[in-house]
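Overview (structure and organization)
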Amino acid sequence: MPSPELHFNNVVDVKPWMSRISLDVAGNFILSHDFQTIHGNQEFYNAWHSNEKRGTFSQFTWQGLSLEWIKRLFPTPQDKQITSAGIYIRNAVSRIVDERLRQYKRLDKIPEDVLGQMITMGESTREEYIEQAVFAIGVAFDTIANLLSCALYHIAKRPVLQPTLRAEIRHAGERSSVSGDIYRRMPALTAIILEASRLHPPIPVTIRKVVRNTRIKGTFNAAHWGVAATLSSSGHMMLWEATLTERYYKTADTLVDKLAQTKANQSLHQKPQS
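- Per an unreviewed UniProt entry, the protein chain is named Cytochrome P450, and its organism is Aspergillus bertholletiae.

1. Digging into the packing of aromatic side chains
- Counted by the stated rule, this structure contains four aromatic pairs.
- Ring geometry for Phe 220 against Trp 225: centres 6.1 Å apart, planes inclined by 75 degrees, an arrangement best described as edge-to-face.
- Three or more aromatic residues link up through ring pairs in this structure, and these residues are Phe 35, Phe 44 and Tyr 88.
- Of note, Arg 20 hangs over the ring of Tyr 45, and the distance from its end group to the ring centre comes to 3.8 Å.

2. Some points on a nonpolar patch on the surface
- A cluster of nonpolar side chains, namely Val 14, Trp 17, Ile 38 and Leu 152, defines an oily patch on the protein surface of about 310 Å² accessible area.
- Here Trp 17 is to be found in helix H1 (residues 15–31).

3. Section: the environment of Phe 29
- In this structure, Phe 29 sits in helix H1.
- C-alpha separation for the pair Phe 29 and Val 114, spaced 85 residues apart in sequence, amounts to 6.9 Å.
- Leave out the neighbours within four places in its chain, and Phe 29 touches Asp 113 and Val 114.

Definitions and cut-offs
- Residues numbered from 1 in each chain as written.
- Predicted model: local features only at pLDDT ≥ 70, side-chain atom pairs only at ≥ 80, totals over all residues.
- Heavy atoms only, no water.
- Phe/Tyr/Trp six-rings, centres within 6.5 Å; stacked < 30°, edge-to-face > 60°.
- Lys NZ or Arg CZ within 6 Å of the ring centre and 35° of its normal.
- Patch = residues over 30% accessible without salt bridge, like charges linked within 9 Å, V, L, I, M, F, W, Y side chains within 5 Å.
- Areas by Shrake-Rupley, 256 points an atom, 1.4 Å probe, with all protein chains shown as cover.
- Salt bridge = Lys/Arg side-chain N within 4 Å of Asp/Glu carboxyl O.
- Helix = DSSP H or I, 4+ residues; strand = E, 2+ residues; numbered from the N terminus.
- Contact = heavy atoms within 4.5 Å.

Shown next, in the form of structure tokens:
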């Protein structure tokens, strides 16, 4: 028997919306570019999902176990679709990277996104920027979708949070642009995202270096070894009480202050490529 909490008669399918908004947010975060899939850019959306889904289990087997020359000689319709989608995505990202490199060489101020940080470091080639940007979009897409899905679930289960959150978003949306102080302007949303991140970390583990020889539950760990720590172990207690926002006010301010300091440090070291 299905759980009565699911309310099958009143289900709203948010998957298409969540997928689109996550892709758009990932584009802004990595490239400062809005792919506008939520506003109808169906071509990029379809290309991304063609490259992401990769068909059935048999297609996975074919892609993973077949020799490259066999796949090139006898491509399946799915192979052709995936190849075409990959070319489209890469070309779209290439145009953004090329424009950013031109801006950097002209000594124009460039966005301080992931691509901007890579270019400022000046340690990669054009091809590497493109490949890293596509990979980063994929990573950001998955983590954003997971986090927003969990946050939306908790918001839906707690109607008491919704009026405050709705009013806050509407008020913030009255401004023409979004800047780094959005954390201060939207404390309720920031608190909810941070709490959802604590309860459901979109990246399940983090790697830490052992600083000295030690034993963990009887297992010896030598200094300088890497240890995987499960982040979700800290998320068993739900703290959705009325003081949730107050709990994160200071954290939100700290995030903004750290972001401002990071930007200041980057501007001091920004140099044009030779």
